[in-house]
Amino acid sequence: MKFSLALLNIAFIPALFAASTVPEIEDGFEHVTCGSTIKLTSKANGYKLHSHGVTYGSGSGQQSVTGFPNADDSNSYWIVEAASGHFCKRGDAVPCGSSIRLKHANTQGYLHSHNHQSPLSKQQEVSCYDGKDTGDNWKVTCSQSGDKTWVRENQVQLIHEDTGAYLSSFTTYQFGHPIPGQLEVAGARSSSKNSQWMAQEGVYFAAASKQ
């Protein structure tokens, strides 16, 4: 069965438009919305938030989360969902200050954190986990003055709800084998340039109109 993109109210932004070029965004698709599948790019280094079948060799032993240099890898897609115990409709714009979960599209685990130590920087470990608990919840803090909802291409910070750690990516901490060149993603104690992220490529649902 064939579906019309217009009927589904979605917009696909290809990897061609990576961090170096801001694409023109169609009216109605300016916001990050529930149900959208997105890639998150670190403002500091241009790497994508990424996961895969490789687990940590220390700490929790859960599925690892890294920064990935290439824009065209399908393991960098994340689905925007409501926080654990909450509900949002497909197309609902994500308000600044609200909590969400990010589900890894390929492995179905959730972006997660807890009080395990990260392997390289010895900060707080960030993993991908299917436990479906409050450790999956992240508060969206918008960095641009005037933003009331999460706007694509604008910087946000993701703060772990349970621990207050900032999702961060560091060029000074790179993995070797079996994931050479990928960056550690960890929970930092404070805000910095390394904790700024932007929603870029992906499949976006148009923001639901308010009646």
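Within any chain, residue numbers begin from 1 and follow the written order of that chain's sequence. The model is predicted, so local features are restricted to residues of pLDDT at least 70 and side-chain atom pairs to those at 80 or more, both for listing and for counting; the totals for chains, interfaces and linings are taken over all residues. To get the side-chain values, take all heavy atoms of the structure and skip hydrogens and water.

What follows is about the confidence of the model for the protein chain. Confidence along the protein chain averages 90 in pLDDT terms, with 88% of residues attaining 70 or more. One number per residue, pLDDT, summarises how confident the predictor is, and it ranges from 0 to 100. We call two residues in contact when some of their heavy atoms are within 4.5 Å. A low-confidence stretch, residues 1–10 stays under pLDDT 50, and its non-local contacts, those more than four residues away or across chains, total 11 contacts. A low-confidence stretch, residues 12–20 stays under pLDDT 50, and its non-local contacts, those more than four residues away or across chains, total 19 contacts.

Moving on: the state of the cysteines. Note on terminology: pairs of cysteine sulfur atoms within 2.5 Å are recorded as disulfides. Taken as a whole, this structure holds two disulfides when the rule is applied. Two residues, Cys 34 and Cys 88, share a disulfide whose sulfurs are 2.0 Å apart. Judged by the sign of its S-S torsion, about -115°, the cystine formed by Cys 34 and Cys 88 is left-handed. Here the residue Cys 34 occupies a position in the loop between β1 (10–13) and β2 (37–42), and Cys 88 occupies one in the loop between β5 (78–82) and β6 (99–104), the gap between them amounting to 54 residues. Between the sulfur of Cys 96 and that of Cys 142 lies a disulfide, 2.0 Å long from S to S. Note on the Cys 96 and Cys 142 pair: the S-S dihedral is about -95°, so by sign convention the disulfide is left-handed. You can see Cys 96 sitting in the loop between β5 and β6 and its partner Cys 142 sitting in strand β9 (residues 138–142), a full 46 residues away along the chain. Numbered by position along the chain, the disulfide-linked cysteines of the protein chain connect as 1-2, 3-4. In DSSP terms, a helix is any run of H or I states spanning at least four residues, a strand is any run of E spanning at least two, and both are numbered starting from the N terminus.

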